Every structure is written in structure tokens, then in C-alpha cells.
Amino acid sequence: MLARRAATMAVPTIPSPACISQSANGSIISTRRSTETNPRQHPSTSYRCAGRVVRRQGRSAISRSGSRYLHDLEAGRSLLKRVTLRRDWDSRLDEKDQYPRLGARAAATFEAKPENAEKDYSKNGKAANKGVDNGKDRLAKVPISNIRNFSIIAHIDHGKSTLADKLLQTTGTVLAREMKEQFLDNMDLERERGITIKLQAARMRYVDETGEAYCLNLIDTPGHVDFSYEVSRSLAACEGALLVVDASQGVEAQTLANVYLALESNLEIIPVLNKIDLPGADPERVRREIEEIIGLDCSEAILCSAKEGVGIPEILNAVVKKIPPPKDTAAEPLRALIFDSYYDSYRGVVVYFRVMDGRVKKGDYVQFMNSKTEYQVDEVGVLSPIQMPVNELYAGEVGYLSASIKSVADARVGDTITTVSRKAAQALPGYQLATPMVFCGLFPIDADQFVELREALEKLQLNDAALQFEPETSSAMGFGFRCGFLGLLHMEIVQERLEREYGLDLITTAPSVVYRVHCTDGTITECSNPSALPDAGKRKSIEEPYVRIELLTPKDYIGPLMELAQERRGEFKEMKFITENRASLVYMLPLGEMVGDFFDQLKSRSKGYASMEYSVKGYRESKLVKLDIRINDEAVDPLAVIVHQDKAYSVGRALTQQLKKLIPRQLFKIPIQACIGSKVIASENIAAMRKDVLAKCYGGDISRKKKLLKKQAEGKKRMKSLGRVDVPQDAFMAILRLEKEVV
């Protein structure tokens, strides 16, 4: 009897947290029975958990099923206890908002002994709560005189992102349990490469020693030379900047470039010497470098270590005291400058802007002055650093706007936002258009993805204003786009973003620059695609862009870098010692020679210590020729390159050898030729894969073997005339790996 009863007993279902109701004081008063039932469950067997109340009939049924029942019952009690504690702590978070900034000890104490959490919270005192209170009230409005808009500028890998993380953590903007390295770098590519690609904005609240509350709008910027356009857009929305310099490496090339951008925008610059905790740090030497090279007074430069948290309060005080507030123009008509935007699948285009004049709130009808389109504002808010809706934004504040904008062309970076009811008389100057330096072709592997590629480029251009593209057709690749980039790294980032974020499979052609072609009829055309270069009989001369490049290097690597520049047809201009151990080399260099592995070679020959900065200075006439590549007697336009006449043979030989390694063998012979016009200057052959037709001939007359070989040769010939060679993606990027072999 007992065995039969035990066999019919079912394992009770543990109630989920959703089944628990709670009274006003937080105690559990009831639980709802699960709707899941077992048809074999004995009618007399039931249980109900209400706090500590447990009832069960049939206690005499002691069996294996009964032991399993008791085990699950204990699990149910543990679950109820965890849910109760979680809800109790959530109610405390509603009052205190979050863990105390210095209250890691309190959090650990709560996990161990929840009843002591309140006591430990108060024990930490005002010091523990200051950052939390600031973070809690960061949406509170402050006078315009207490708003500070600033940016962080530095050379790559000088600690910008680490400093931004520490500022967010110190002001309580981000919780300690939510904190992670490179918090503002929200793309996987940024974390993988350890660099900042996109500018990011964050609103912080800071209370100084006197108790005065300030609103700090921080914009973190990239440090690589290819993303200088992002830096210039960030600086246009600020009144000041933190110049971060590595205390061990000192002033580098991009440090100078970013400082000049800040000075052009009339910003207040605060020098900060970072990484003073490193063994090789020499703050006094770096102070002298900044004063001698840049001309900034570094007597009050702030010494800090963003990693260790040293000097962070001094930086916040300097931002409040030295950076001027924005002008009080809230009473004027609305004028807001768009400095960034992105496309959301549900909300349309989301715009990041800085309010220069006036006010904007939810429900207003706004107009984008350049595109002349009008929309009603659905949501307005601030970035802290996540999007947090607010009722209104006024002059001096930085925020975002959503208005169900479906067309990506209606809200471009640099446009001015104004209200329809009270329009501004004149739009803001906006931004100078970025000039692409490097061009390449992007083609979808699947021809059906052409429309998807176009839509992806339009959405990406909304987020990356420096990207430019136009349709292109290739006989070998089909339909695609010719895209312009600021540099080689910019090109790699865009390609990876298209493949990752939009799921496209792309083929990228070899990068090139824009050439000016003087034709015999007196016309001048610009050509960025080598396949579109006019025939030799129609062109008179070709001009290529030259850049002024400045290399900053320790004195031990002057020789290898001068050799590198001369190998790339560089023209020496100037060399000077900025300090006793660091020198500056200035060259005039063809931009086409920099496309490739120039930056990699620079870092390799200087063991990573050298840096560079360049700017386009104009065009010069050069002896350039078009080098065509023919595969199986067919010209492959994407592999065509424009090279200097003196390097044509070495480039053609290296390119044909690379293609021989990359193109798979076929059942017929494949000739690979490098040609200038109709003249072949280099050639390689890929041998055919052939069947051993003589394997069955183990003797006999030689005529039988000749007959089989002749028949095979006729088949190979017919196959060659009908066969088609598929060129892999690696072959189109082979030109990038030629510099080292050619040199």
C-alpha cells in the first residue's frame, strides 16, 4: 500500500518568482499554485508554501519518491528566500538609487548578511554617497553658467578612453558593477583593436567643494590620423579640451595635429600628463616638450594616472574653473548643430546635436535647414552615456532627438535644426566636407546583395560622414560601388563594419588615390579608378597628389626612417631636434606611396616609437603608367594599378608571382601577364592539372601514347577557350603585400 502510494506521488513544481505576491511591508503573504499538474499525482498529496508554512498529507509514505519530494521542497524554500531578499534589496535601491560609489564593501556585506546592509551603507558616510548622489541627479537642470562642454584629445594609445572611464566612474555616471574597460567604445571592432573609432558623448554631474552643481558634457574622440574628421566635429561642439599626453612617450605627431585643430576652434586647452605611474614616466621632460613644441604653458599641467585614479579630482576642478561656459542664448530662436547620427530600425534616424541657441522639447515641429524637411519631435533626451529622455534641452546642452525620420538623407551631419514656428534667420556654418584620400571598389560576392549594399552604405554614411561612394560597374566583378576613405585604416574599418553589422560578403579591390589627367584636347579629368584612365594616346600627362609628412622619432631611428622615405620617392625638406633625444623629419611624399604598408613599415623600423602626421599639399606631374593584369588572356580591371615608370617592372613581376600563388589550378593552363598597353613586361603560368592518360599503357608502340596525349591536348585547348577563371578575394588585395617585395 505504501509502495503504491509512493509510486503515484509526483515531484511538485517549484513556484516561479512571478507566482509570489508581496504585501506592503515586503513579506510574502501567498503563493499561487502552479497550473502544471501530474495525472499520476495522489489526491491526498499536496503542499503549499506561504513564508514558512508547509503542509503535507501522507507523511507515512517514506520512500525514494518522498526523499526526492523533500529535496525539491528545500529547493523551493531557497528560491523563495532569494526572491524575497532580491525584492527587499530592490526596494532599498529605489530609495538609495544604487550601490554607494565607495560601497563595494557594503555590497559584499549585503550578499553575506542582508540585515547589515543598511548599517554598512550609512557607515561609509558622505564620501561613499557623493558619487552616487551626483549620478542620481545628473538629469537635474543647472544654470547655463554651470554647463561645461569639453572634449578629450590625444595621440593614439595615450589613455583617452581610460581617462573617460575614470571620469564616468568618479562622478557616479556609471555604476561600479556596470563598469568595464573602454566603456564608451561600444563597437566590437574598437575593443578588439584597442582604439577609438567613433566619437561618444556622455553627460555627467559634478559637485565641487563649495556644493555647487555642474553639468559636464564629455565627448571622447579618436586618436588615429585617419579619424581626424571625427575630432574636428567633436571640437566644434565644445568650449574646451583636455590635452592628454603620455608621460613616458611625450609629444607625438597626432598630439600636434589635434592641438592645432583645437586652437583653430578657439578652445581652452588644459594639458594633462597621463600614465605617471609607469616606471619610464618623466613628467618634467614632457612638460618641456609641450612648452617648446606646442607653446602651451605647462606650469599648471595636471599629473594623473587614469588607471590608478590619481589626479581625477584635480581634472574635474580644472574643467569647472578654466573652461568657459556656453553663451546664454536660450531666448533666441532654436539653432542646434548635428555632430553625429545613426539609423535605428525602429525609431528611424536618431540625431546627436548641440543646442547653440534657443530651446527644444518633445512635441515641437522642427526643420532641418539644409534639407528643408520638417518633423515632429517624438523624443528628446541626453546621453549619460545611455540615452535618457528629458522634457527639454536649452542652449549649451548636448543631447539626442528622435522624430521618426525614415530617410537618411534628411538629417546629415553638420545640418542645423530649428523650429517651424520660430525659424532661425541663418543656419550654422556646419562642417567642412571631408576630402577622401584613398579609394577602392566594394563589390558583393552575391549579385543579389547589391541593393542591400547600397542601403548599408547609406546608413553607414549617416554614422560616418567622411565616407563617400558612387556606383561602379566592372566586367569582372559586376555591379558595386567606388568608395572614398580618409586612409587605409578607415577603409579596413568600413569594410569590417559592413560585413559584421549588415551581414554582407564583399570583395574589395586594391586601394588607389585620385590622379589628375591632362588630355591632348586640353581637358583635365580626375581619375580614382585605374581602369577608367584614358588611353595613352589621349593623355598628355598625369599628376599625383603629394603630402607633407612629419615623422617624430627618437634619434636612434633617424637613419632607418630616412631610408624608408627615400625608398618611397620622398623629397627631404627639414630635420630638427625638438629635444635632445627626439627629432622631427619632414618630407614631401606621393600619397600613392603611402597607400599600403607605409605605416606598418614606420612602426617596424622604429620598434613602435615613431609616429606620423600628414596633410595634402597639392598635385605634381610624374612619370606614371597604367599597369594592366591579364588572366587567361582577359583583362581584369580591378587588378589594374597606376605606378611610377621606374617601378613598373618590379611591381608587375611581384604581382604576377603573387597571383600565381593565390589563384587555384584549373584543368587548363592559365597565363598571367602584366602589361603596359600592349607590351607584356612580366608573365607567369599556372600549370594545368592533368590526368595521367599513359597510366594504362605499360608497353606497346609509342604511337599509341602519342595518340592519347594528342587527344588530351585537344581537350585542354577546347577547355581553355570555354573555361572561366574565378579569382579569389585574396588576389584582389595582393597589391597591398607588394611594397616589401618591390622595395
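So, how was this worked out
- Residues numbered from 1 in each chain as written.
- Predicted model: local features only at pLDDT ≥ 70, side-chain atom pairs only at ≥ 80, totals over all residues.
- Heavy atoms only, no water.
- Helix = DSSP H or I, 4+ residues; strand = E, 2+ residues; numbered from the N terminus.
- Buried < 20%, exposed > 50% of the residue type's maximum accessible area, 1.4 Å probe, protein only.
- Contact = heavy atoms within 4.5 Å.
- Areas by Shrake-Rupley, 256 points an atom, 1.4 Å probe, with all protein chains shown as cover.
- Pairing = 2+ DSSP bridges.
- Axes fitted to C-alpha atoms, helices over the stretch in contact; angles between N-to-C directions.
- Expected span 1.5 Å × (residues − 1).
- Patch = residues over 30% accessible without salt bridge, like charges linked within 9 Å, V, L, I, M, F, W, Y side chains within 5 Å.
- Salt bridge = Lys/Arg side-chain N within 4 Å of Asp/Glu carboxyl O.
- Lys, Arg positive; Asp, Glu negative; His and termini not counted.
- Charge placed at Lys NZ, Arg CZ, Asp CG, Glu CD.
- Core = buried A, V, L, I, M, F, W, Y, C linked by side-chain atoms within 4.5 Å.
- Domains from an automatic or database assignment.
- Parallel < 35°, antiparallel > 145°, perpendicular 65-115°, else oblique.
- Nonpolar A, V, L, I, M, F, W, Y, C, P; charged D, E, K, R; others polar.

This next bit is on the overall build of the chain. When you go through the chain residue by residue, the secondary structure sums to 19 helices and 33 strands. When the 743 residues of the chain are sorted by exposure, 53% land in the buried category. Put simply, 69% of the contacts in the chain that link residues at least 6 apart link residues at least 24 apart. When the accessible surface of the chain is summed, it comes to about 35800 Å², and 49% of that surface belongs to carbon and sulfur atoms.

Bringing the sheet that holds strand β21 (residues 478-485) into the picture now. Read across the open sheet, the four strands follow the order β20-β21-β19-β22; overall the sheet is antiparallel. Unpaired on one side and paired on the other, β20 (468-474) and β22 (506-508) mark the two borders of the sheet. Ignoring which end each strand starts from, the neighbouring axes of this sheet average 30° apart. Where strand β19 (residues 438-444) lies against β21, five bridges are found, and the strand directions are antiparallel. If you follow Phe 439 over to β21, its bridge partner there is Gly 484.

An α-helix turns once every 3.6 residues. As a result, residues three or four positions apart point the same way. Here helix α12 (residues 488-501) is 14 residues long and its end C-alpha atoms lie 20 Å apart, about the 20 Å a rise of 1.5 Å per residue gives. Along α12, the residues classified as buried are Leu 488, Leu 489, His 490, Met 491, Ile 493, Val 494, Gln 495, Arg 497 and Leu 498. Gly 503, located one to two residues past α12, shows a positive phi value of around 65°.

A grouping of Phe 572, Met 575 and Phe 577 is seen on the molecular surface, where their side chains present a nonpolar patch of about 290 Å² in accessible area. Along the chain, the position of Phe 577 falls in strand β26 (residues 571-577).

A few words now on helix α16 (residues 648-662). For α16, spanning 15 residues, the distance from its first C-alpha to its last is 21 Å, which sits close to the expected 21 Å at 1.5 Å a residue. Those residues of α16 lying buried are Ala 648, Val 651, Gly 652, Ala 654, Leu 655, Thr 656, Gln 658 and Leu 659.

A complete count under the given rule lists 25 salt bridges for this structure. Here Lys 141 makes a salt bridge to Glu 397, at a shortest N to O gap of 3.1 Å. Note that Lys 141 is positioned in the loop between α4 (117-136) and β3 (147-154) and Glu 397 in the loop between β16 (392-394) and β17 (398-405), a separation of 256 residues in sequence. Residues Glu 496 and Arg 500 are paired through a salt bridge, measuring 3.6 Å at the closest nitrogen-oxygen approach. Here Arg 500 and Glu 496 lie together in helix α12, a separation of four residues that amounts to about one turn. By relative accessible area, Glu 496 is classed as partly exposed at 21%. Each of the salt bridges in this network shares a partner with another, and the network as a whole consists of Glu 544, Arg 569, Glu 593 and Lys 647.

Taken together, the side chains of Lys 696, Arg 704, Lys 707 and Lys 711 present a region of like positive charge at the surface. Mapped onto the fold, Lys 711 is located in helix α17 (residues 702-722).

Core analysis: the biggest nonpolar cluster contains 46 residues, and Leu 457, Leu 498, Ile 549, Met 594 and Met 612 have the highest contact counts within it. Looking at which domains feed residues into this core, each of domain 3 (438-509) and domain 4 (516-622) gives three or more. The contacts of Met 612, once residues within four sequence positions are left out, are Ala 253, Gln 254, Ile 549, Glu 550, Leu 551, Met 594, Phe 598, Phe 599 and Leu 602. Leu 167, Met 204, Leu 216 and Leu 316 belong to the second-largest nonpolar core, a separate cluster that totals 28 residues.

For any two helices packed against each other, the geometry comes down to the angle between their axes and how far apart the axes lie. At a minimum axis separation of 10 Å, helix α5 (residues 160-170) and helix α10 (residues 312-322) run at an interaxial angle of 85°. When the interaxial angle is binned, α5 and α10 end up roughly perpendicular. Where α5 approaches α10, its residues Leu 163, Lys 166, Leu 167 and Thr 170 are matched on the opposing element by Ile 312, Ile 315 and Leu 316. Classifying every residue of the contact of α5 with α10 gives five nonpolar, one polar and one charged.

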